[in-house]
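Single-letter residue listing:
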Amino acid sequence: MMWSKNYWNFALQILSFLLLFIHRDAWAHYNWVVKEVTYTRLCSTKKILTVNGKFPGPVLRAYRGDTIYVNVHNGGRHNITMHWHGVREPRNPWSDGPEYITQCPIQPGGSFNQKIIFSTEEGTLWWHAHSDWSRATVHGAIYVYPKPGTSYPFPKPHAEVPIILGEWWKQDVMKVFQEFVRSGGPPNVSDAYTINGQPGDLYPCSKSDTFKLSVEQNKTYLLRIVNAIVNEIVFLAVANHNLTVVATDASYTKPIETDYITISPGQSMDVLLVTNQQRPGRYYMAARAYNSNPVVGFDNTTTTAIVEYNNGNGTPLFPYLPSFNDTARAFGFFTRLKSLPVDFKEPVPETIERRIISTISINTFPCQGNQTCQGPKGIRLAASMNNISFVEPNTIDILEAYYYYNNGVFKKGFPNYPPYVYNFTGQNLPLGLQIPKRGTKVKVIEYGTDMEVVFQNTNLVGGLDHPMHLHGFDFYIVGTGFGNFDELKDPIKELQSC
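The shown structure was predicted, so the numbers you read here are calculated from the model rather than taken from an experiment.

Caption draft 1: Looking closely at helix α2 (residues 173-183). Those residues of α2 not exposed but buried are Val173, Met174, Val176, Phe177 and Ser183. Considering only its buried residues, α2 is in contact with β2 (44-51) and β21 (380-385). Here α2 starts with a cap whose side-chain oxygen sits 3.0 Å from the backbone nitrogen of Met174, and that cap is Asp172. Positioned one or two residues after α2, Gly184 has a phi angle of 80°, which is positive.

Structure (structure tokens):
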């Protein structure tokens, strides 16, 4: 029996559609078990909390606009929640994850089927536990692909590779967190940073398990980079190779070619690596912390992976990394990031209906009773926004209380401006400014409002860099700078930096 060429073409199209449908359906449902598993790092062995026994955890995959479901069973010993970092979840905050904010935690032995709605995201994001410090080991990447029939705004890469930056404590992470809360002082710094769960061969007992990326010459690789480190901003570079940043937090950027990147905790980047070295070899990928306040302790070690060309051998070359306190290079990189307009993203608002100016401060509280705290001068460290230190509910989440008119869980009226105006970034500030108020304050905003939010860092107790993340929304950074925000002068600078 003879078949026409057109018939076969039509049959292949139908088959391709069916295969795509089956593939997407396989991505639509995930089953996760949170459980403790034994891992060995830095010459010692301990149990860590994982998803499905993996560190880092499994990758979630979706196309732009998809909806997927993740059934999470808590087989651990503590409450836990899961957050889909950077996913907007339009009109679906119930699965967003923050403990006692938009949902109650999943108790040990319990399960929760979470619905994840993708909308305008396209690129790399990540998921992580959102209770205590469980996220130190409970995290993984999210890949959001262009819709079928559309493409990246850059040439299709030869391959995609996750690069998950993490950290490792020899001590149990939960004990580190509990001691941090109990003592009132800064947390114990980690013993190592990791790339894809491995510290790298600069650490003891780590050489053989160093993550190795095998590459072919003259190919383009899409590095899906996530900074899952709890607190530290890091520099990352690959020896003898430039990197091209094409997206941050699943939003495309105008391409930036650079010899290093600066990536904040919680941030994700899509970065192109072109393997253009003429002689096959081995090259270190390395990352270490940026820290602008030398008084604050931090892990000053360096994690490595190795980029290996086919038939490459010898000692890997090491990249140049900026100094740990190189503020000019850290912020020089950030200020180069510019969004790439695409038709499925909302444009920058031209009119602003509401504005909030909020200070962000490190504060202190007096020690209670006969306790001795390990903060400055024996007192307890705290933090605040607009002089309010947040008090987390512990019986019902704020979203449920708001939805069902349950009084007494939170109070409206988070202030639009700081209660005190002073030289926020000055030295030797009055001690009376250090003690904030406690409260569970919220700001209720009418749906569809175009807002401007100004974050003003302060030098109370000690200035720190504060990466900011807003659940459920994208936002445009329209201005940054050092010193005090000037409401009369700075809007002009903002317009110039758009």
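Once you've had a look at it, read on.
Caption draft 2: Summary view of the side chain of Asn92. Structurally, the position occupied by Asn92 is in the loop between β5 (82-85) and β6 (111-117). In this structure Asn92 comes out as buried when scored by relative accessible area, which is 10%.

Caption draft 3: Fine view of the state of the cysteines. In total, this model carries two disulfides according to the counting rule given. Bridging Cys43 to Cys205, the disulfide has an S-S length of 1.9 Å. As the torsion about the S-S bond is roughly 95°, the Cys43-Cys205 disulfide counts as right-handed. Of this pair, Cys43 sits in the loop between β1 (29-41) and β2 while Cys205 sits in the loop between β10 (192-195) and β11 (212-215), and the two are 162 residues apart along the sequence. Residue Cys43 is classed as partly exposed on the basis of its relative accessible area of 48%. Here Cys205 falls in the exposed class, since its relative accessible area comes to 55%. Covalent S-S linkage joins Cys367 and Cys373, the inter-sulfur distance amounting to 1.8 Å. Look at the protein chain and number its bonded cysteines as they come in the sequence; the links are 1-2, 3-4.

Caption draft 4: Representation of the nonpolar core in the model. Of all hydrophobic cores here, the largest spans 49 residues; its most connected members are Ile163, Leu165, Leu223, Ile225, Ile261 and Met285. In contact with Leu223, other than residues within four places in its own chain, are Val161, Ile163, Leu213, Leu243, Met269, Asp270, Val271, Leu273 and Met285. If you look at the next biggest cluster of nonpolar residues, it comprises 24 residues, including Ile68, Ile80, Trp84 and Val87.

Caption draft 5: Structural view of the pairing of β1. Bridge count for β1 against strand β4 (residues 67-74) is six bridges, and the pairing is parallel. The residue of β4 that forms the bridge with His29 is Tyr69. Of the pairings in the sheet, the one linking β1 to β2 comprises eight bridges and is antiparallel in character. Of the residues in β2, the one forming a bridge with Thr40 is Thr45. In sequence, β1 turns back onto β2 through a hairpin of two residues, with Leu42 there showing a positive phi of about 55°.

Caption draft 6: Inspection of the packing of aromatic side chains at higher detail. Counted by the stated rule, this structure contains 25 aromatic pairs. On the basis of an interplanar angle of 75° and a centroid distance of 6.3 Å, the ring pair of Phe154 and Tyr252 is categorised as edge-to-face. Of this pair, Phe154 sits in the loop between β8 (139-145) and β9 (159-168) while Tyr252 sits in strand β15 (residues 251-258); the two residues are 98 residues apart in sequence, bridging distant segments of the chain. A residue is classified by how much of its surface remains accessible, and Phe154, at 13% relative accessible area, is buried. With a relative accessible area of 6%, Tyr252 lands in the buried category. The interplanar angle of 65° and the centroid separation of 5.4 Å between the aromatic rings of Phe331 and Phe482 together place this pair among those described as edge-to-face. Of this pair, Phe331 sits in helix α3 (residues 327-334) while Phe482 sits in the loop between β26 (451-457) and α5 (490-497), and the two are 151 residues apart along the sequence. Across from the ring centre of Trp168, 5.8 Å away, lies the NZ or CZ of Arg41, which sits over that ring.

About the cut-offs
Residues numbered from 1 in each chain as written. Predicted model: local features only at pLDDT ≥ 70, side-chain atom pairs only at ≥ 80, totals over all residues. Heavy atoms only, no water. Buried < 20%, exposed > 50% of the residue type's maximum accessible area, 1.4 Å probe, protein only. Helix = DSSP H or I, 4+ residues; strand = E, 2+ residues; numbered from the N terminus. Contact = heavy atoms within 4.5 Å. Polar contact = N/O pair within 3.5 Å; in protein donor to acceptor, adjacent residues only side chain to side chain. Disulfide = S-S within 2.5 Å. Core = buried A, V, L, I, M, F, W, Y, C linked by side-chain atoms within 4.5 Å. Pairing = 2+ DSSP bridges. Phe/Tyr/Trp six-rings, centres within 6.5 Å; stacked < 30°, edge-to-face > 60°. Lys NZ or Arg CZ within 6 Å of the ring centre and 35° of its normal.

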